[in-house]
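Given next are the chains, with one letter for each unit.
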Amino acid sequence: MAGIVGILAFDKVWDVSKFLYYSMIGLQHRGYTNSGVVVLNEKMESITSRSSPEDLEFNLKGWAAIGYAGTRGGFPILNEEVALVIDGVLKDSETFLKQFTKDRERALQEAKGSFSLVALTKDGEVIGYRDETGVRPLSLGAFGFDMGIIASEPVGMSVIGGDFRREIAPGEMVTISTLNVKSKQIKEPKRAYCSIEYIYQARIDSYVNERDVYETRIKIGEQLAEEKPINADSVIGVPETALPFAVGYSRKLGLQFDLGFTRTGSPIRTMLASDSFLKVIGVQLKLNPIKSAVLGKKIVLIDDSMVTGTTIKNTIMSLRRLGAKEVHVLIGSPKLVSYCPYGIEVPEDKELIAANLSEAEVAKVLGADSIHWLSLDGLFKAISSRSLCTGCMTRRYPKVI
Ligand code: SF4
């Protein structure tokens, strides 16, 4: 998975490189282990790095540029005419690049995969395209009347003082040049938005897939309260994604909401950490429990998802060590039981704890007093839509790529 962005200044006196750099930092919650940029000045120049955007040594200047912040591969691919960054899965991307250089509409018509892309041409256009399912998000915005921006999420615009205008529709291609912003519907939309974007992928201050992310997460918390009301002393969300779930849950039931943890170090996603040692150390460094918030209490602990269970197990252990009396776990997503073919890092079935153990077994392994996952119907209700991909929860995938 990745955060992708393109910025084009309507006047060539601008240098967009710093705007691009900070926009990529605003998108690095989508992936931060690989990063790359292509900048257009007299010619197109690129820099790639196996590092986060923050550590990218970035000294290029230009009036149009694209950037990538991702987890694996996916660096910009380019020839002398066109450069591309992709979020998702695009089959045979080198061949696609050749076709796109010759005839971009035809290339998009024939593309195999599930993806969003941002392209930069040497003639000075930034192009955004979202495949017909819209499985990966993409938005259009601007920096006043000076720059057009295309980014995975509106936070890629707001962090640099830009304005979100609208989402790019599934199957739509948007082209920004110094003259205008043009739109063309390349394929009929067949919406299948990724549910995980709402649950934990998108940033809390974003708007993706026709929904405000914060409001949606509050509704998920309220839905959890309907499905599994627990008369707890305190409701705690695992920072940061699950905090709004805890707000919604506690509001709905009139329970006390507490900040159970404080953070150490940068908010790096534990799920993306590459080995289990980092996962264990990562969670302890990241989340230090607050003793006075948990001592002697019956706690509802809400997290956004459960993959292998390692993270939540360590979190529960740390609450117990500080004297929590009971820990009841709620998960703000349905059970993850299968892989994702569309570019989100969901491990294979054999590593997914919910695919292999019963609820009682999971609770025992984690050391929790009880556990409940959001139901699939509850997810549809909270998002008020059924135009969703739920493949990793149901093994029913909307599109075979
Ligand atoms: S399979 Fe899961 S993670 Fe992948 S796009 Fe569908 S809902 Fe999102």
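Residues numbered from 1 in each chain as written. Predicted model: local features only at pLDDT ≥ 70, side-chain atom pairs only at ≥ 80, totals over all residues. Heavy atoms only, no water.

With that settled, the discussion passes to the nonpolar core. Within the largest apolar cluster, 63 residues are counted, with the highest numbers of intra-cluster contacts made by I196, Y249, L301, I302 and M306. The next biggest cluster of nonpolar side chains, apart from the first, holds 44 residues, and it includes W63, Y68, V118 and I168. (Core = buried A, V, L, I, M, F, W, Y, C linked by side-chain atoms within 4.5 Å. Buried < 20%, exposed > 50% of the residue type's maximum accessible area, 1.4 Å probe, protein only.)

Within the sequence span of helix α7 (residues 243–253), burial applies to P244, F245, A246, V247, G248, Y249 and S250. Contacts made by the buried residues of α7 are with α5 (195–201), α6 (213–227), β17 (234–237), β18 (257–258), β21 (298–303) and β22 (326–331). One or two positions beyond α7, positive phi appears at G254, with a value near 65 degrees. (Helix = DSSP H or I, 4+ residues; strand = E, 2+ residues; numbered from the N terminus. Contact = heavy atoms within 4.5 Å.)

Following P239, the chain continues to E240 via a peptide bond in cis, the omega torsion being -5 degrees. Along the chain, E240 turns up in the loop between β17 and α7. For E210, which is not a glycine, the phi torsion comes out positive at approximately 70 degrees. On the secondary structure map, E210 appears in the loop between β15 (207–208) and β16 (211–212). Take E210: its relative accessible area is 34%, and that puts it in the partly exposed class. One non-glycine residue with positive phi stands out, namely S384, at about 45 degrees. Of note, S384 is situated in the loop between α13 (376–383) and β24 (388–389). In this structure S384 comes out as partly exposed when scored by relative accessible area, which is 48%.

Our next topic: the pairing of strand β1 (residues 2–9). Among the 8 residues that make up β1, 8 are buried, leaving the element largely enclosed by the rest of the structure. Across the two faces of β1 the burial is the same, with A2, I4, G6 and L8 and G3, V5, I7 and A9 all buried. Note that β1 and strand β4 (residues 64–70) share 7 bridges and pair antiparallel. Across the sheet, G3 pairs through a bridge with A69, a residue of β4. Where β1 lies against strand β10 (residues 147–151), 5 bridges are found, and the strand directions are antiparallel. Note on β10: the bridge partner recorded for A9 is M147. (Pairing = 2+ DSSP bridges.)

With antiparallel pairing, 7 strands are arranged side by side in an open sheet as β3-β2-β4-β1-β10-β9-β11. Bordering the open sheet on either side are β3 (44–49) and β11 (163–167), each of which pairs with just one other strand. Averaged over all neighbouring strand pairs, the angle between strand axes comes to 15 degrees, with direction disregarded. As paired strands, strand β9 (residues 139–143) and β11 are joined by 4 bridges and run antiparallel to one another. Note on β11: the bridge partner recorded for S139 is E167. (Axes fitted to C-alpha atoms, helices over the stretch in contact; angles between N-to-C directions.)

A separate point is the domain arrangement of the protein. Under the domain assignment, the protein is made up of domain 1 (2–190) and domain 2 (196–394). Measuring from the centre of the C-alpha atoms in domain 1 to the corresponding centre in domain 2 gives 31 Å. Contacts between the two partners involve 21 residues from domain 1 and, on the opposite side, 18 residues from domain 2. For the pair domain 1 and domain 2, the summed buried surface comes to about 1,700 Å²; carbon and sulfur atoms form 51% of the total. In terms of surface lost to domain 2, no three residues of domain 1 exceed H29, Y32 and E167, which account for 29% of the buried area on that side. R30 is paired through a salt bridge with E197; the nearest N and O atoms lie 2.8 Å apart. In this assembly, domain 1 and domain 2 are joined by 10 residue pairs in polar contact (both at pLDDT 80 or more). (Domains from an automatic or database assignment. Buried area = accessible area lost by both parts, 1.4 Å probe. Salt bridge = Lys/Arg side-chain N within 4 Å of Asp/Glu carboxyl O. Polar contact = N/O pair within 3.5 Å; in protein donor to acceptor, adjacent residues only side chain to side chain.)

Another aspect to go through is the sheet that holds strand β13 (residues 181–185). A sheet is described by the order of its strands in space; here 6 strands give the open sequence β5-β6-β7-β8-β12-β13, paired in antiparallel fashion. With one partner strand each, in any of the chains shown, β5 (77–78) and β13 form the two edges of the open sheet. Sheet topology places strand β8 (residues 125–130) next to strand β12 (residues 172–176); 4 bridges connect them, and they run antiparallel. Within the sheet, the bridge partner assigned to V126 lies in β12 and is I176. Against the sheet, helix α2 (residues 93–102) engages β5, β6 (82–90), β7 (113–121) and β8, with an angle of about 135 degrees to β6.

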